[in-house]
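Take a look at the letters that make up each chain.
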Amino acid sequence: DLRSVSSTLTGVDLSWTAPGDDGHAGTATAYDIRVSNAPIKESNWAAAMQVDGQPAPGNAGTPESLSVSGLLCGRSYYIGIKTTDDSANASPLSNVVRKRTLACPKLLVSSLPENQAVVGMAYNQSFNIRGGVGPYTVQLVRGLPEPAGLSLAGQTVSGTPGEARMWRFRVLVTDQIGASARKS
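Analysis parameters
- Residues numbered from 1 in each chain as written.
- Predicted model: local features only at pLDDT ≥ 70, side-chain atom pairs only at ≥ 80, totals over all residues.
- Heavy atoms only, no water.
- Helix = DSSP H or I, 4+ residues; strand = E, 2+ residues; numbered from the N terminus.
- Buried < 20%, exposed > 50% of the residue type's maximum accessible area, 1.4 Å probe, protein only.
- Contact = heavy atoms within 4.5 Å.
- Areas by Shrake-Rupley, 256 points an atom, 1.4 Å probe, with all protein chains shown as cover.
- Lys, Arg positive; Asp, Glu negative; His and termini not counted.
- Charge placed at Lys NZ, Arg CZ, Asp CG, Glu CD.
- Polar contact = N/O pair within 3.5 Å; in protein donor to acceptor, adjacent residues only side chain to side chain.
- Phe/Tyr/Trp six-rings, centres within 6.5 Å; stacked < 30°, edge-to-face > 60°.
- Core = buried A, V, L, I, M, F, W, Y, C linked by side-chain atoms within 4.5 Å.

## A short note on the overall build of the protein chain
At step 1: The number of helices and strands found in the protein chain is zero helices and 15 strands.
At step 2: Overall size of the protein chain, expressed as C-alpha extent along the three principal axes, is 80 × 25 × 20 Å.
At step 3: Taking all 184 residues of the protein chain together, the buried fraction comes to 36%.
At step 4: Contacts spanning at least 24 positions in sequence make up 62% of the contacts within the protein chain whose residues lie at least 6 apart.
At step 5: Surface exposure of the protein chain reaches about 10,200 Å², of which carbon and sulfur atoms provide 49%.
At step 6: For the protein chain, the centre of its 16 positive side-chain charges and the centre of its 14 negative side-chain charges are spaced 19 Å apart.

Spelled out as structure tokens, the structure:
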């Protein structure tokens with residue numbers, strides 16, 4: 001009876017009833033709780049990521065709960081449980097729940113540098129990122145190759161240009177919990 005109770009930006013809260021060691025009696029030995037971005041089945045169970053901080057099973061019939069953390073915002077996750085008894089027998093896969101983490105906070109990228117660089121003169125212009133959860137990853141997704149002598153590192157375009165040409169580029173900014181923004 002695995003249930004998804006609620007979700008946060010980076011987690012999902014679960015509840016279920018503890019099975020017994022022998023059916024509905026006793027106390028099971030261990031839980032194996034797994035999460036995946038794809039529906040979990042017996043055939044792909046081993047590929048699902050094992051969850052950290054799994055509780056020790058309680059007596060049969062007692063309520064259990066777990067907060068699964070470290071997930072990315074705005075994503076759907078599938079979660080299932082298997083239980084092991086004192087003879088190392090694993091149960092079949094429980095019902096699998098699907099839960100979406102809360103929507104990612106909006107990331108805002110200020111205007112990218114538009115000041116003209118001058119061939120042979122040092123250039124250094126930055127842009128700002130607001131929102132989300134830093135630190136941020138900035139990737140150049142369009143605009144390669146960079147003009148000779150200029151490069152994008154983090155939130156800064158710098159260098160000494162060695163050629164005169166128009167450089168139009170686009171960046172992808174991603175934060176630590178999965179929010180992203182593009183800016184040209």
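## Notes on the environment of Phe169
At step 1: Mapped onto the secondary structure, Phe169 falls in the loop between strand S13 (156-159) and strand S14 (170-174).
At step 2: When neighbours within four sequence positions are excluded, Phe169 is seen to be in contact with Leu112, Pro113, Leu140, Arg142, Gly143, Val157, Lys183 and Ser184.

## Let's talk about the side chain of Ser76
At step 1: As for its placement among the helices and strands, Ser76 is situated in strand S6 (residues 76-84).
At step 2: You can call Ser76 buried: its relative accessible area is 14%.
At step 3: Separated by 3.0 Å, the side chains of Ser76 and Arg98 make a polar contact.
At step 4: Sequence-distant contacts of Ser76, defined by excluding residues within four places in its chain, comprise Ser36, Asn37, Arg98, Lys99 and Arg100.

## Examining the packing of aromatic side chains
At step 1: What the rule picks out here adds up to two aromatic pairs.
At step 2: For the ring pair Trp16 and Tyr31, a centre distance of 5.4 Å and an interplane angle of 90° mean the geometry is edge-to-face. Separated by 15 residues along the polypeptide, Trp16 in strand S2 (residues 12-17) and Tyr31 in strand S3 (residues 30-36) bring together distant segments of the chain. A single burial state applies to Trp16 and to Tyr31, both of which are buried.

## Comments concerning the environment of Ala56
At step 1: By secondary structure assignment, the location of Ala56 is in the loop between strand S4 (49-50) and strand S5 (63-68).
At step 2: Overall, the relative accessible area of 62% leaves Ala56 in the exposed class.
At step 3: C-alpha of Ala56 to C-alpha of Gly162: the two residues are 106 residues apart in sequence and 63 Å apart in space.
At step 4: Excluding anything up to four places from it in sequence, Ala56 contacts Tyr31 and Glu64.

## Considering the nonpolar core
Inside soluble globular proteins, nonpolar side chains tend to come together where they are buried.
At step 1: Judged by nonpolar contacts, the single largest core of 19 residues is most densely connected at Phe127, Val138, Leu152, Phe169, Val171 and Val173.
At step 2: Elements supplying a minimum of two residues to this core: strand S11 (137-142), strand S12 (150-153) and S14.
At step 3: Leu2, Trp16, Tyr31 and Leu66 belong to the second largest nonpolar core, which has 16 residues in total.

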